[in-house]
Amino acid sequence: WGHHPTPTDATLLSELPEICQSIQATVLMRKSPEQRQKWRRLRDLAVTTFINVIGGDKKLVDLTTDDVDKLRDHWKNRILAREVEIDTANKNIGQIAAMFREVKDEKRLKLDDVFARSRIKGGEKKKRVAFNIQYVQDILLADGTMDGLNDEARAIFYVVAETGMRPSEVAGLTSDTILLN
């Protein structure tokens with residue numbers, strides 16, 4: 001018979017990043033300071049954009065699908081003006097939607113999911129194109145190419161080349177995350 005508060009909660013949009021940061025503290029502690037900073041910056045940007053588009057900070061309980069439609073229209077217009085890619089717009093909308101749902105679930109708020117079907121259609125997940133083998137052998141692995149790099153940077157390069165990991169992922173590895181067996 002858990003206690004389920006009614007949606008009279010006064011949580012504001014502007015508070016979402018801070019609340020989500022505390023909800024996700026255990027996940028974020030595994031990230032580097034730079035990754036945590038980026039995590040927060042992206043969420044702050046998404047909230048600021050949403051607040052600007054709807055004309056001010058609002059309580060979560062007062063959000064409507066009209067507010068979300070305004071955000072979608074804002075991003076659609078920027079896409080049509082060729083200012084941003086569809087995937088960029090969807091990431092921004094997705095940040096807000098995820099924070100809204102996370103706080104809604106954490107605080108057990110009985111709110112309608114105003115972000116349902118808020119994604120903009122037409123985006124695509126682009127696969128990274130692999131380097132041509134000849135280029136790797138003749139240019140990247142040529143004698144002297146790595147001479148200007150320190151040992152750590154050189155090691156990161158080789159791990160990226162071997163595994164396809166991102167450089168930031170390799171640089172963030174710790175001995176307890178590498179399982180050689």
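Here's a quick rundown of the structure. (Residues numbered from 1 in each chain as written. Predicted model: local features only at pLDDT ≥ 70, side-chain atom pairs only at ≥ 80, totals over all residues. Heavy atoms only, no water.)

**Points about the nonpolar core**
Working step 1: One finds Leu13, Phe50, Leu60, Leu63 and Phe115 to be the most contacted residues of the largest nonpolar core, which totals 30 residues.
Working step 2: Secondary-structure elements contributing two or more residues to this core are helix 1 (16-23), helix 3 (33-54), helix 4 (65-80) and helix 5 (86-106).
Working step 3: Among the elements that take part in this core, helix 5 stands out by supplying 8 residues, more than any other.
Working step 4: In contact with Leu63, other than residues within four places in its own chain, are Leu13, Phe50, Ile54, Lys58, Phe100, Val114 and Phe115. (Core = buried A, V, L, I, M, F, W, Y, C linked by side-chain atoms within 4.5 Å. Buried < 20%, exposed > 50% of the residue type's maximum accessible area, 1.4 Å probe, protein only. Helix = DSSP H or I, 4+ residues; strand = E, 2+ residues; numbered from the N terminus. Contact = heavy atoms within 4.5 Å.)

**Observations regarding a nonpolar patch on the surface**
Working step 1: Nonpolar side chains collect at one region of the surface, where Phe131, Tyr135 and Ile139 lie side by side and expose about 320 Å² of accessible area between them.
Working step 2: On the secondary structure map, Phe131 appears in the loop between helix 5 and helix 6 (133-140). (Patch = residues over 30% accessible without salt bridge, like charges linked within 9 Å, V, L, I, M, F, W, Y side chains within 5 Å. Areas by Shrake-Rupley, 256 points an atom, 1.4 Å probe, with all protein chains shown as cover. Salt bridge = Lys/Arg side-chain N within 4 Å of Asp/Glu carboxyl O.)

**Regarding the packing of aromatic side chains**
Working step 1: For the structure on display, the rule yields 3 aromatic pairs.
Working step 2: Ring centres of Phe157 and Tyr158 lie 5.5 Å apart, and the angle between their planes is 70°; on these two criteria the pair is classed as edge-to-face. (Phe/Tyr/Trp six-rings, centres within 6.5 Å; stacked < 30°, edge-to-face > 60°.)

**Brief notes about the layout of surface pockets**
Working step 1: Space inside the second largest pocket adds up to approximately 450 Å³.
Working step 2: Taken together, 14 residues form the lining of the second largest pocket, with Ala130, Phe131, Val160, Ala161 and Gly164 sitting closest to its centre.
Working step 3: Elements supplying a minimum of two residues to the lining of the second largest pocket: helix 6 and helix 7 (151-163).
Working step 4: The element best represented in the lining of the second largest pocket is helix 7, accounting for 4 residues.
Working step 5: Each residue belonging to the lining of the second largest pocket can be placed in one class, and the counts come to 12 nonpolar, 1 polar and 1 charged. (1 Å grid on protein atoms, 1.4 Å probe; cavity = no way out; pocket = protein on both sides within 12 Å on 5 of 7 lines; lining within 4 Å. Points joined across faces, edges and corners; volume = space filled by probe spheres on them. Nonpolar A, V, L, I, M, F, W, Y, C, P; charged D, E, K, R; others polar.)

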